[in-house]
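Structure at a glance
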Amino acid sequence: MSPSPRPGGGQAAVRALQAALMAENTAVYGYGVAGAHFAGARRAAAVRDWVAHENARDTLTAMLTARGGRPVAAAAAYALPFGVHNAATAVSLAALLEDRVAAVYLGLVALSEPSLREFGAAGVRTAALRAAAWRGSTLAFPGFDVAPPSAPGTAARTTHS
Amino acid sequence: MGDGTPPRRSARAEARVVQEATRRRVLIATAAALPLVIGGCKGVGALGTPPKPAADVAVTRDAMTLESTLIARYGAVLTAMPSLAGELSPLLAQHHDHLARLRARLIIPRTGAQPSASPSGTPSPRPAPVPGTRAGALAYLRDAENAAAASLLAHLDAAPPSLAQLLASISASEATHALVLGQGRHR
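The structure reproduced in this document is the subject of the present report. Bear in mind the structure is a predicted one, so any value in this text is a computation, not a measurement.

**Describing the nonpolar core**
One finds Y105 of chain A together with L88 and L167 of chain B to be the most contacted residues of the largest nonpolar core, which totals 57 residues. Residue contacts for L167 of chain B: discarding those within four places in its chain leaves V59, A63, L152, H155, L156 and A159 of chain B. Of all hydrophobic cores here, the second largest spans 18 residues; its members include Y29, Y31, L93 and A94 of chain A.

Right, here's the structure in full:
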């Protein structure tokens, strides 16, 4: 019983927002895993970023609902791209999660609606800033050339037990 | 590996040279014929009037000018303070990547279309003077990065989707440069 999508690329917008929501759900989960390996300042940073992704998830959920979309539900667990056993791999995971979040927000920038383009550009920017803070270095093209997040259960190596 | 190998190989090489030359001639002939074919499809008028540049060309050129200005500023700082090369070189290299990716979107006609306007892709003529201290120089670059990041987003709505994405990505990259220049805070 969802209302018909808005004229002017409504379907594409909903698809792109859903992709962003999925990436945010994955990030919320991933920060939970990564945060367990941190202490002190890094733990505080991870908590801050985790909250930021929760807020983004809520924003996207509201935007999708307003457009008649049905927000994708978060999975109970997500496959991780590599084993996270210590602080170093946890940092790598955080940076990768942010790269993927940047990529999906870049998808919003390709839409025709100016407000979604701006929203997407802001999302790319904040994700790139968080990625750079974790990685300690910068990328020339945040959001480009990023491996897409794998669907739950399809990652090459899963480390959950 | 027989005795006759060297002469045979050279003969083959010769044949290849001839073949190559012939192929090149064919290619040249094809290239020459191409405008006629296209012209034939669109009518005679298509040959005479060059198409006017699309809006995205102007946006791309503006972005290239921004990148060139940043590159010039990094160059000025590095000239004044070579000791910063270790920190600045990776960032400068990324600006060259930005410029190259933008330039790749253009097929720049060398027909003197805009002779007086500042040619895109060349360093800006007058970068502001570099502050004398290390902190001042880093702040100078940080301000330039932030300004460029904002300017790139100002073009967002005028751009076709793929260019809008490139602008947003480069803008985000420059925001991260400003972060790194700000405090080098690592987690």
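**Comments concerning empty space enclosed by the protein**
Residue and element names in this part refer to chain A. Considering all chains together, one arrives at three cavities of 30 Å³ or more under this definition. Elements with a contribution of two residues or more to the lining of the largest cavity: helix 3 (87-109) and helix 4 (114-135). Considering every element that reaches the lining of the largest cavity, the biggest residue donor is helix 4, with four residues. Of the residues contributing to the lining of the largest cavity, the split by class is six nonpolar, four polar and three charged.

**A short note on the pattern of salt bridges**
Oppositely charged side chains are able to pair whenever their charged atoms sit close together. Residue and element names in this part refer to chain A. Inspection of every chain in the model, using the stated rule, returns five salt bridges over all chains. Among the salt bridges present, the one from D58 reaches R57, with a minimum N-O distance of 3.4 Å. Residue R57 is classed as partly exposed on the basis of its relative accessible area of 24%. Ionic pairing is found between R135 and D99, a salt bridge with its closest N-O pair at 2.5 Å.

**So, the packing of helix 3 (residues 55-80) of chain B against helix 5 (residues 134-154) of chain B**
A pair of packed helices is characterised by two quantities: the angle between their axes and the separation of those axes. Residue and element names in this part refer to chain B. The interhelical angle for the contact between helix 3 and helix 5, taken along N-to-C directions, is 175 degrees, at an axis separation of 10 Å. Between helix 3 and helix 5, the angle falls in the class roughly antiparallel. Of the residues in helix 5, those in contact with A63, L66, E67, L70, R73, Y74 and V77 of helix 3 are A137, Y140, L141, A144, E145, A148, S151 and L152. Taken together, the residues that form the contact of helix 3 with helix 5 break down as 11 nonpolar, one polar and three charged.

Cut-off values and rules
- Residues numbered from 1 in each chain as written.
- Chains lettered and ligands numbered in written order.
- Predicted model: local features only at pLDDT ≥ 70, side-chain atom pairs only at ≥ 80, totals over all residues.
- Heavy atoms only, no water.
- Core = buried A, V, L, I, M, F, W, Y, C linked by side-chain atoms within 4.5 Å.
- Buried < 20%, exposed > 50% of the residue type's maximum accessible area, 1.4 Å probe, protein only.
- Contact = heavy atoms within 4.5 Å.
- 1 Å grid on protein atoms, 1.4 Å probe; cavity = no way out; pocket = protein on both sides within 12 Å on 5 of 7 lines; lining within 4 Å.
- Points joined across faces, edges and corners; volume = space filled by probe spheres on them.
- Helix = DSSP H or I, 4+ residues; strand = E, 2+ residues; numbered from the N terminus.
- Nonpolar A, V, L, I, M, F, W, Y, C, P; charged D, E, K, R; others polar.
- Salt bridge = Lys/Arg side-chain N within 4 Å of Asp/Glu carboxyl O.
- Axes fitted to C-alpha atoms, helices over the stretch in contact; angles between N-to-C directions.
- Parallel < 35°, antiparallel > 145°, perpendicular 65-115°, else oblique.

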